[in-house]
Amino acid sequence: MSSSVSASDDPYYIPEPSPWPIVAMLAIFSLLMGAAFSINGVGFGSLLIVVGFVLLGYMFFGWFGDVVEENMSGKYSGQVDNSFRQGMFWFISSELFFFATFFGSLYYIRNISVEWLGGTGYLAATHEFITSQFVSQWPTAGPLNLGGSFALVNTWGVPAINTAILLSSGLTLTWAHWGLKNENRKQLIRGLTMTVVLGVIFVIMQIQEYAHAYGALNLTLESGVYGSTFYLLTGFHGFHVIVGALMLAAVLGRSMKGHFTEENHFAFEAAAWYWHFVDVVWLGLFVLVYWM
Amino acid sequence: MGFMKFPVLLVLGLIVLSLASGMFLLAKDDGKGNRLVTSLTFRIILSLILFAMLIFGAIFNVIEPNTLTPSAVPAVK
C-alpha cells in the first residue's frame with residue numbers, strides 16, 4: 001500500500017487499545033459469580049449481581065461513547081460503516097432464530113406433542129398407557145394439572161391495548177424516520193420521544209398484566225406447558241422491548257445533540273429496525289398466543 | 001379462529017417479508033436512499049391492516065379469540 005495514503009483514507013480503521021473488553025469481562029464475571037452465589041444462598045451474591053449490572057452499564061456507556069466519539073471525529077470510513085452494518089445484520093439474524101425457536105416450540109407443543117398425549121399421532125400409545133383420561137386441547141393445564149387450574153388472560157384487555165400501543169409506537173418511529181430522511185430534526189426528535197414513551201408504557205402495562213395473571217388467574221410458570229411457553233415467549237419479548245427502548249433513548253439523546261445527518265445515521269436505522277422487529281414479534285404473539 | 005385464520009396468517013407473513021427486506025436493505029443500502037424507510041413504512045401499514053382485520057372480524061363475529069377453558073384431568077393417585 002502506498003505510504004501517501006492518510007489514516008482517514010485507509011480502508012481499515014484500527015482503534016487504540018481499549019480498556020472496555022476487560023471491564024466487560026469483569027462485569028460478566030461478577031454477574032455469573034453473583035448468580036451462582038445467590039442460587040446457593042450465599043449472602044453477598046445479590047450484592048455481586050448489583051455490582052455486575054453497574055459495571056455492565058458503565059461498560060456500555062463508555063464503550064459506545066468511545067465509538068460515537070470516533071465516529072464524530074471523522075475517523076470512520078465507508079468500510080467501517082459497512083462493517084457495522086454487517087455486524088448488525090448477523091446480530092439481527094441471531095435474534096430471528098432466537099424467536100423462531102420459541103415460536104417453533106409453541107407449534108411443536110400445540111400441534112404435535114399435546115396431540116400424542118390426547119391419543120393421536122404416532123406416539124398415541126402414550127395416551128393409552130399413561131394419560132388415558134386426558135383430552136388434548138389448547139390451552140392445557142397438562143395431564144396431571146400440576147400447577148392447578150388457571151384462567152387465560154383476556155385477549156381484549158391488556159394484550160389488545162398493548163398491541164395498539166406498540167403499533168402507535170411503530171407509527172411514531174416511522175414518522176421520525178421520514179423526518180430524518182427529509183432533514184426535519186424537530187420531527188425526528190418528537191417522533192423518537194413519543195416512541196420511547198410508548199415503549200415505557202407498554203412495559204409498565206405488561207408488568208401489571210403479569211401480576212394479575214400470577215395472582216388472580218393463577219397462570220404461572222408452573223401452569224403446565226401453556227404457562228411456561230406463555231411466559232417464555234412474552235417475557236423474552238418484554239425484555240427485548242426494554243432493550244429496544246434503551247437503544248432508542250440513546251438514539252434520541254444523540255439526535256438532540258445533532259449527531260445524525262441524512263447520510264450518516266446508521267445507529268438510528270439499526271435501532272429503528274430493531275424496534276420494528278420487536279413490534280412484529282408482538283404481533284406474532286398477539287395472533288399465535290393470545291388469539292389462536 | 002376458523003377459516004379466517006388463513007388471511008390473518010397471510011398478512012402476518014407479508015409483514016415478516018417486509019421486515020426481512022428491511023433487514024437486507026439495512027445492510028446493503030449504507031444509509032443512502034429511501035428503500036429501508038419505505039419497506040418499514042409498508043411494514044407498519046400492513047400491521048395496522050392486520051389489527052383492523054382482527055378487530056372488525058371480532059365485531060362481526062367472523063373471528064374470535066381462543067377462550068377455551070384450560071383442560072386437565074384429576075391427578076392419578
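Residues numbered from 1 in each chain as written. Chains lettered and ligands numbered in written order. Predicted model: local features only at pLDDT ≥ 70, side-chain atom pairs only at ≥ 80, totals over all residues. Heavy atoms only, no water.

Caption draft 1: Broad picture of unusual backbone geometry. For the bond from A:W138 to A:P139, the omega torsion is 5°, close enough to zero to count as cis. By secondary structure assignment, the location of A:P139 is in the loop between helix 4 (125-129) and helix 5 (158-181). Here the phi dihedral of A:N218 falls at roughly 55°; this positive angle occurs in a residue that is not glycine. Counting through the fold element by element, A:N218 comes out in the loop between helix 6 (185-215) and helix 7 (224-256). The phi dihedral of B:D30 falls on the positive side, at around 50°, and the residue is not glycine. Its place among the elements puts B:D30 in the loop between helix 1 (5-28) and helix 2 (35-59). (Helix = DSSP H or I, 4+ residues; strand = E, 2+ residues; numbered from the N terminus.)

Caption draft 2: The arrangement of the environment of A:W175 in detail. Within the secondary structure, A:W175 is located in helix 5. Taking the C-alpha atoms as reference points, A:W175 and A:R190, 15 residues apart in sequence, are found 9.1 Å from one another.

Caption draft 3: How the structure looks around the environment of A:T193. Within the element layout of this structure, A:T193 appears in helix 6. Among the polar contacts made by the side chain of A:T193, one reaches the main-chain carbonyl oxygen of A:I189 at a distance of 2.6 Å. (Polar contact = N/O pair within 3.5 Å; in protein donor to acceptor, adjacent residues only side chain to side chain.)

Caption draft 4: Expanded view of the interface of chain A and chain B. The interface of chain A with chain B comprises 55 residues on the first partner and 46 residues on the second. Taking both partners together, chain A and chain B bury about 4300 Å²; carbon and sulfur atoms supply 72% of that area. Our count for the chain A to chain B interface comes out at 2 salt bridges. Here A:D279 and B:R43 are joined by a salt bridge, their closest N and O atoms 2.8 Å apart. One can count 7 residue pairs in polar contact (both at pLDDT 80 or more) joining chain A with chain B. At the level of secondary structure, the elements contributing two or more residues to the side of chain A that touches chain B comprise helix 3 (78-118), helix 5 and helix 8 (266-291) of chain A. In terms of residue count, helix 8 of chain A provides more of the side of chain A that touches chain B than any other element does, 15 residues in total. (Contact = heavy atoms within 4.5 Å. Buried area = accessible area lost by both parts, 1.4 Å probe. Salt bridge = Lys/Arg side-chain N within 4 Å of Asp/Glu carboxyl O.)

Caption draft 5: A look at the nonpolar core. By size, the foremost hydrophobic cluster in this structure holds 84 residues, and its most contacted members are A:L192, A:L219, A:F230, A:F268, A:W273, A:F286 and B:L50. Those elements giving two or more residues to this core turn out to be helix 3, helix 5, helix 6, helix 7 and helix 8 of chain A together with helix 1 and helix 2 of chain B. The greatest single-element share of this core, amounting to 20 residues, is contributed by helix 8 of chain A. For A:W273, the contacting residues outside a window of four places in its chain are A:I92, B:L19, B:G22, B:M23, B:L26, B:L36 and B:L40. In terms of nonpolar packing, the next biggest core, distinct from the first, is built from 7 residues, A:W20, A:V23, A:A27 and A:L31 among them. (Core = buried A, V, L, I, M, F, W, Y, C linked by side-chain atoms within 4.5 Å. Buried < 20%, exposed > 50% of the residue type's maximum accessible area, 1.4 Å probe, protein only.)

Any functional reading would require information that these geometric values do not contain.
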